[in-house]
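# Survey of secondary and tertiary structure
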Amino acid sequence: MTVQIHDGTRWQTVCSLDDLQPGRGVAVLLPDAGQVALFRDRAGTLYAVDNLDPFSGAPVLARGLLGSRGDRPTLISPMYKQVYDLTDGRCLDEDTAPDGTPAVLRRWPVRSVGSGGSVASVASVGSGAGEVAA
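Before going into details, it helps to say that this report is about the structure given with it. Within each chain, residues carry numbers counting from 1 in the order of the written sequence. Per-residue local features of the predicted model are confined to residues with pLDDT of at least 70, and side-chain atom pairs are confined, for both listing and counting, to 80 or more; whole-chain, interface and lining totals are unaffected and use all residues. Here the side-chain values reflect all heavy atoms present in the structure, with hydrogen atoms and water set aside.

## Quick look at the side chain of Gln12
Helix and strand definitions follow DSSP, with helices as H or I runs of at least four residues and strands as E runs of at least two, each counted in order from the N terminus. Looking at where Gln12 falls in the secondary structure, it is placed in strand 2 (residues 11-16). At 3.5 Å, the side chain of Gln12 forms a polar contact with the side chain of Arg10. Pairs of residues are marked as contacts when any of their non-hydrogen atoms sit within 4.5 Å. Here Gln12 is in contact with Val3, Gln4, Ile5, Asp7, Leu30 and Pro31, once residues within four sequence places are set aside. Here a polar contact is recorded for every N or O atom pair within 3.5 Å, except that within protein the pair must consist of a potential hydrogen donor and a potential acceptor, and residues adjacent in sequence are included only if both atoms are side-chain atoms.

So this is what it looks like as structure tokens:
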């Protein structure tokens, strides 16, 4: 199975599903879109968010920790430890970043696709990326 991220125009194949260790992130580069932090949780759900930490300005979110608050999946930044809700991208600790912009991560549509083209899972339909047809 391969993992694909929708860049706003088309699905881009970024890696094999086997390349993703549950609970650990990887940074991938999408042409014309920048770095994306890609995660697979222990249940197999895929998440893709911008890799840039809004509070530090560093591209480090792929090194963050997955967790949860209640029933919401979360990502904890490795820099200043802000926690982001992976279902909508918003920071659960602060409403705005130091530059005054909303503390929200862009989410990217991500899916795993089998060798026959069948979609195994679609998660994290991204804000700003538009609706995406499977």
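## Observations regarding the sheet that holds strand 5 (residues 46-50)
At least two DSSP bridges between two strands are required for those strands to pair. If you trace the 3 strands from one edge of the open sheet to the other, you get 3-4-5, paired in antiparallel fashion. Strands at the two margins of the open sheet, each flanked by one partner only, are strand 3 (25-30) and strand 5. Sheet twist, expressed as the mean angle between neighbouring strand axes with direction ignored, is 30°. Simply put, an axis is a line fit to the C-alpha atoms, just over the touching stretch for a helix, and the angle between two N-to-C directions goes from 0 to 180 degrees.

## Section: the side chain of His6
With respect to the helices and strands, His6 occurs in strand 1 (residues 2-6). Here the side chain of His6 touches Gly8 through a polar contact of 3.1 Å, landing on its backbone nitrogen.

## Remarks on the pairing of strand 6 (residues 65-69)
When strand 6 meets strand 7 (residues 72-76), the two strands line up antiparallel, connected through 5 bridges. Bridging across to strand 7, Leu65 finds its partner in Ile76.

## Considering unusual backbone geometry
Despite not being glycine, Asp32 has its phi angle at roughly 65°, a positive value. For every residue, the accessible area obtained with a 1.4 Å probe (protein chains only) is divided by the maximum for its type, and the residue is called buried under 20%, exposed over 50%, and partly exposed between those limits. Residue classification places Asp32 among the exposed positions, given a relative accessible area of 88%. Of note in the backbone geometry, Lys81 takes a positive phi value of approximately 70° without being a glycine. Here Lys81 is to be found in the loop between strand 7 and strand 8 (83-85).

## Some remarks on the sheet that holds strand 7
Reading across from one edge, 6-7-8 is the order of the 3 strands in this open sheet, with antiparallel pairing throughout. Single-partner strands in this sheet number two, and they are strand 6 and strand 8. The sheet shows a mean angle of 40° between the axes of neighbouring strands, direction not considered.

## What about the pattern of salt bridges?
One side-chain nitrogen of Lys or Arg within 4 Å of one carboxyl oxygen of Asp or Glu is enough to make a salt bridge. Enumeration according to the criterion identifies 4 salt bridges in this entry. Where Arg69 meets Asp93, a salt bridge forms, and the shortest distance between an N and an O atom there is 3.1 Å. One end of the pair, Arg69, is in strand 6; the other, Asp93, is in the loop between strand 8 and strand 9 (110-113), and 24 residues separate them in sequence. On the basis of relative accessible area, Arg69 is assigned to the partly exposed category, the value being 39%. A salt bridge links Asp85 to Arg72, with the shortest nitrogen-to-oxygen separation between them at 2.8 Å. Of this pair, Asp85 sits in strand 8 while Arg72 sits in strand 7, and the two are 13 residues apart along the sequence. Given the relative accessible area of 33%, Arg72 is considered partly exposed. Connected via shared salt-bridge partners are Arg72, Asp85, Asp88 and Arg90.

Note that all results are geometric; they support no functional claim without further evidence.
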